[in-house]
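# Coordinate inspection notes
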Amino acid sequence: MRPPVATRVGAAALPAAVAVALREHDPLAAYATATDVHYLFAGADGLLDIGAARDDVIPALAGTHPAFAWDEREMRDAHGVRFANAPDDRPLFIGAAGEPPALTAEGEGVTVVVVGPVHAGIIEPGRFTISTGGETVIHLDAQLSYSRRGVEAFLAGRNAVAAAPRVARICAACSVARSWSYARALESLAGVACDGASEYGRIVAAELERIYNHLFDLAQAAAGAGYGYGQTHGLGLKERAHALCAAAFGHRLLFDAIVPGGVAVGALRDARATREGTARLRADAAAYAATLLGNISVQRRFEGAGVLLAETARAFGVVGPGRRASGGTFDVRAALPYGAYAELVPAVTSESAGDVAARVRVKAAELEAAFDLVDRALAALDAAAPPPPQRVEPAAGAAVRVTEGPRGAETLALGVDATGALERITVRSASFRNWPAVVRSMEGNIVPDFPLVNKSFNLCYACADG
Amino acid sequence: MNALAGPDYDTTNAGFSIVASPRHADVITVTGPMTLAMRGAAAATIAAAARPCVVVAVGDCATGEGPWSGAPLAGSGAGVELAAAVTVRGCPPTPAAIAAGLAEAARRLGESA
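None of the values given here were measured: they were computed from a predicted structure.

## Some words on unusual backbone geometry
The peptide bond linking Gly116(A) to Pro117(A) adopts the cis configuration, its omega dihedral lying at 10°. Within the element layout of this structure, Pro117(A) appears in the loop between strand S7 (110-115) and strand S8 (127-133). A cis amide bond links Arg51(B) to the next residue, Pro52(B), at an omega of 0°. Structurally, Pro52(B) can be placed in the loop between helix H1 (39-48) and strand S2 (54-58). Positive phi, close to 60°, is recorded for Asn85(A), a residue that is not glycine. Looking at the element boundaries, Asn85(A) is found in the loop between strand S6 (83-84) and S7. According to the relative accessible area criterion, Asn85(A) is exposed, its value standing at 72%. One non-glycine residue, Leu268(A), lies in positive phi territory at about 55°.

Structure, rendered in structure tokens:
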């Protein structure tokens, strides 16, 4: 992956520049630094960064490009960027004044149901305000930020290399992807190239993360459809994946599996056992996915539920399997290869229906592809364990890196000062990107299908909240 | 926590069921730091629970010893602020350690009955 092509424009020219960029690029993130705002895109030719000085009032782009709605609210609330004509004046984050009001439908026969932030299940906190006409959802409002800790401000000023374990713990379910973006950013500033064996090791870690997440997503989709066997069997397979992670990288959830300069000390010491274990899990996961996809009554529940239209997915800048189930093909690993993905090219699956069934099929296919990548990476390693991580001493500068996590593009933008400390870091997770579209995919569905639709995306809260 | 519902740890066999409302709960598990945004809802949840009730802090963040302790919006651990009687360390704790924490909570409930 090459560094972004950077363009600077005046604030007034920003809307036209972004409109041109969106013709051939997908939106990845918009974020603020102390002096600028940046709108970041991905295309076939790499990353594109359109920057403007933030001392002017910035014309809000969210009205025409909803992909930037949350980014601009975040820039306004957390960084004090001033926008003109912002379409949503509500704070994005819960502050001293309490929860912002929900957007609700009004009219005769409309009932408003509020659930959360504490839910009747084991999930992260969020408040969902559902406007209904009868059983049909007219509008769903999601208020997140209940798990907001202020991680970006807490990380700023810390030694960048020493901060890596905290970056790995911003969110558990996409820890490896974020650590990989972080390691690549620091290595680029340090002029360090990761060694070949560790690059293979990084693919093993990242794909194991995808495997346990996708197994969980399939189990959760089964749970949402009331298919108890599918849930229990999927959770059992996920637990086997965690055991493989612990044996291969020393941590069930792969925290610190990827570190600046390489992979965890002692990782993949017994690569043969990891390869045999994943091969056994692969066979059982394939049989499990076939059971799920072959169960007619479960498929009837999946089909037509939570349709995310291709044009909505595009307008909202949806990433990851959620996008690829709605006609998209963008996958950071294939489009902007990093590490050993240039050599071990992943198979990219795309579906067009955009419903729960399509998202489940995409994840089942990606699960199989992830097992294939683990096997190929371990074969390439040929039982040679990766060396200890290299020393990384980042020089002053700025870096942006994007990694394909289980839910899509995990973007980190950061700056390091002359002492090696983080000047700033922006976390733009795939979940942050996708939440506004999940909300739209519920419109016209029945209220009881919310768990099913929500779990077919199975987004995180912690990394979206920050 | 989710792994406890799977076949490996199946805590329903040990007599635990996850209920949909704090009104039905004898044990409440809390994870993470106590964020400013969650403080009100967390206190309301504990207040709504049946009595006696044992609060279990699950994980280093909940016990106030995690990586975000002292972050601008994180406050202390959720278990610290909610006076958890049982703590389970780990980042994250293993499912077996959480199950052991639940068993300890059940023992304390038995003592207070």
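## Some details on the pairing of strand S12 (residues 397-405) of chain A
The side chains of a regular strand alternate between both faces of the sheet. Residues and elements named next belong to chain A. Counting buried residues in S12 gives 7 out of 9 residues, a clear majority hidden from the surface. Taken together, the 9 bridges between S12 and strand S13 (residues 408-416) define a ladder with antiparallel strand orientation. Within S13, the residue paired with valine 400 across the bridge is alanine 413.

## Focus on the nonpolar core
All names here are of chain A. In terms of nonpolar packing, the biggest core is built from 128 residues, with Tyr182, Ile211, Phe249, Leu292, Phe302, Leu414 and Trp435 touching the most fellow members. Excluding residues within four positions of it along the chain, leucine 414 makes contact with Tyr182, Ala185, Leu186, Leu189, Gly397, Ala398, Ala399, Leu422, Arg424 and Ile425. Within the second largest apolar cluster, 20 residues are counted, among which are Leu14, Phe41, Ile50 and Ala60.

## Some words on the pattern of salt bridges
Residue and element names in this part refer to chain A. Counting across every chain of the model gives 36 salt bridges over all chains. Arginine 301 is the salt-bridge partner of aspartate 449, the closest N and O atoms lying 2.8 Å from each other. With aspartate 449 in the loop between helix H14 (430-441) and helix H15 (450-457) and arginine 301 in helix H9 (residues 296-302), the pair connects residues that are 148 residues apart, well separated along the chain. Exposure remark for aspartate 449: the relative accessible area of 9% places this residue in the buried category. The residue glutamate 366 makes a salt bridge to arginine 324 at a minimum N-O spacing of 2.7 Å. Of the two residues, glutamate 366 is situated in helix H13 (residues 356-381) and arginine 324 in helix H11 (residues 321-324); the sequence distance between them amounts to 42 residues. Linked through salt bridges whose partners overlap, the residues forming this network are Glu207, Arg210, Arg324, Asp331, Arg333, Glu366 and Glu404.

## Quick look at H15(A)
All names here are of chain A. With 6 of its 8 residues buried, H15 lies for the most part within the structure. Residues Phe450, Leu452, Val453, Asn454, Ser456 and Phe457 constitute the buried set of H15. Remark: asparagine 458 follows H15 within two positions and exhibits a positive phi of approximately 50°.

## Quick look at the environment of Val114(A)
Residue and element names in this part refer to chain A. By secondary structure assignment, the location of valine 114 is in strand S7. Taking the C-alpha atoms as reference points, valine 114 and arginine 127, 13 residues apart in sequence, are found 7.1 Å from one another. Valine 114 has contacts with Arg127, Phe128 and Thr129, leaving out every residue within four places of it along the chain.

## Here's the deal with the sheet that holds strand S1 (residues 27-31) of chain B
Residues and elements named next belong to chain B. Spatially, 3 strands are ordered S1-S2-S3 in an open sheet, and the strand pairing comes out parallel. In this open sheet, the two edge strands, each paired with only one partner strand, are S1 and strand S3 (86-88). Averaged over neighbouring strand pairs, the angle between their axes works out to 20° when direction is ignored. The strands that helix H3 (residues 95-112) touches are S1, S2 and S3; relative to S3, the one it contacts most, it runs at about 175°.

## Some points on the interface of chain A and chain B
Interfaces are often sized by the amount of accessible area the parts lose when they come together. Contacts between the two partners involve 28 residues from chain A and, on the opposite side, 28 residues from chain B. The contact between chain A and chain B buries some 2,300 Å² in all, and 73% of this surface belongs to carbon and sulfur atoms. Looking at the side of chain A facing chain B, the largest losses of area belong to Ile122(A), Arg149(A) and Phe154(A), adding up to 27% of the total buried there. For the interface between chain A and chain B, the tally reads 0 salt bridges. Of all the elements in the fold, those that place two or more residues in the side of chain A that touches chain B are helix H3 (151-155) and helix H7 (228-249) of chain A. Of the residues that constitute the side of chain A that touches chain B, the class distribution is 16 nonpolar, 6 polar and 6 charged.

## Regarding the packing of H14(A) against H15(A)
For any two helices packed against each other, one specifies the crossing angle of their axes together with the interaxial distance. All names here are of chain A. Viewed as axis vectors pointing N to C, H14 and H15 meet at an angle of 150°, and their least axial separation amounts to 10 Å. It follows that H14 is roughly antiparallel to H15 by the angle criterion. Note on packing geometry: the crossing formed by H14 with H15 is right-handed. Contacts between H14 and H15 involve Trp435, Val438 and Ser441 from the first element and Val453, Asn454 and Phe457 from the second. Classifying every residue of the contact of H14 with H15 by side-chain character gives 4 nonpolar, 2 polar and no charged.

## What to know about the confidence of the model for chain B
Within chain B, residue pLDDT values average 94, and 99% of them lie at 70 or more. Here the prediction assigns the complex a pTM of 0.97, and the interface score ipTM is 0.96.

## Overview of H7(A)
Over its 22 residues, H7(A) runs 31 Å from end to end, which matches the ideal 32 Å to within 8%, given 1.5 Å per residue. After H7(A) finishes, the residue Gly250(A) shows a positive phi value of roughly 80°.

## Thoughts on the sheet that holds strand S4 (residues 46-53) of chain A
Residues and elements named next belong to chain A. Taking strand neighbours across the sheet as the criterion, the 4 strands line up as S1-S4-S3-S2 in an open arrangement whose pairing is mixed. Edge strands, defined here as strands with exactly one partner in the open sheet, are strand S1 (5-8) and strand S2 (25-32). Across the sheet, the mean angle separating the axes of adjacent strands is 20° when strand polarity is ignored. As defined by bridge partners, S2 adjoins strand S3 (residues 36-43) across 7 bridges and the pair is classed as antiparallel. By the bridge assignment, tyrosine 31 is partnered in S3 with histidine 38. Contacts between helix H1 (residues 14-24) and the sheet are confined to S2, S3 and S4, with S3 contributing the most and set at about 15° to the helix.

## Side note on the packing of aromatic side chains
Residues and elements named next belong to chain A. Counting across every chain of the model gives 11 aromatic pairs over all chains. Ring geometry for tryptophan 180 against tyrosine 338: centres 4.9 Å apart, planes inclined by 85°, an arrangement best described as edge-to-face. Taken together, the residues span a long stretch of sequence, with tryptophan 180 in helix H5 (residues 175-190) and tyrosine 338 in the loop between helix H12 (332-335) and H13 at a distance of 158 residues. Each member of the pair, tryptophan 180 as well as tyrosine 338, is classed as buried. Three or more aromatic residues joined by ring pairs make a cluster, and in this case those are Phe128, Trp435, Phe450 and Tyr461. The ring of phenylalanine 216 is capped by lysine 238, whose NZ or CZ atom sits 4.5 Å from the centre of that ring.

Definitions and cut-offs
Residues numbered from 1 in each chain as written. Chains lettered and ligands numbered in written order. Predicted model: local features only at pLDDT ≥ 70, side-chain atom pairs only at ≥ 80, totals over all residues. Heavy atoms only, no water. Helix = DSSP H or I, 4+ residues; strand = E, 2+ residues; numbered from the N terminus. Buried < 20%, exposed > 50% of the residue type's maximum accessible area, 1.4 Å probe, protein only. Pairing = 2+ DSSP bridges. Core = buried A, V, L, I, M, F, W, Y, C linked by side-chain atoms within 4.5 Å. Contact = heavy atoms within 4.5 Å. Salt bridge = Lys/Arg side-chain N within 4 Å of Asp/Glu carboxyl O. Axes fitted to C-alpha atoms, helices over the stretch in contact; angles between N-to-C directions. Buried area = accessible area lost by both parts, 1.4 Å probe. Nonpolar A, V, L, I, M, F, W, Y, C, P; charged D, E, K, R; others polar. Parallel < 35°, antiparallel > 145°, perpendicular 65-115°, else oblique. Left-handed = near helix turned anticlockwise from the far one by under 90°. pLDDT = per-residue confidence, 0-100. Expected span 1.5 Å × (residues − 1). Phe/Tyr/Trp six-rings, centres within 6.5 Å; stacked < 30°, edge-to-face > 60°. Lys NZ or Arg CZ within 6 Å of the ring centre and 35° of its normal.

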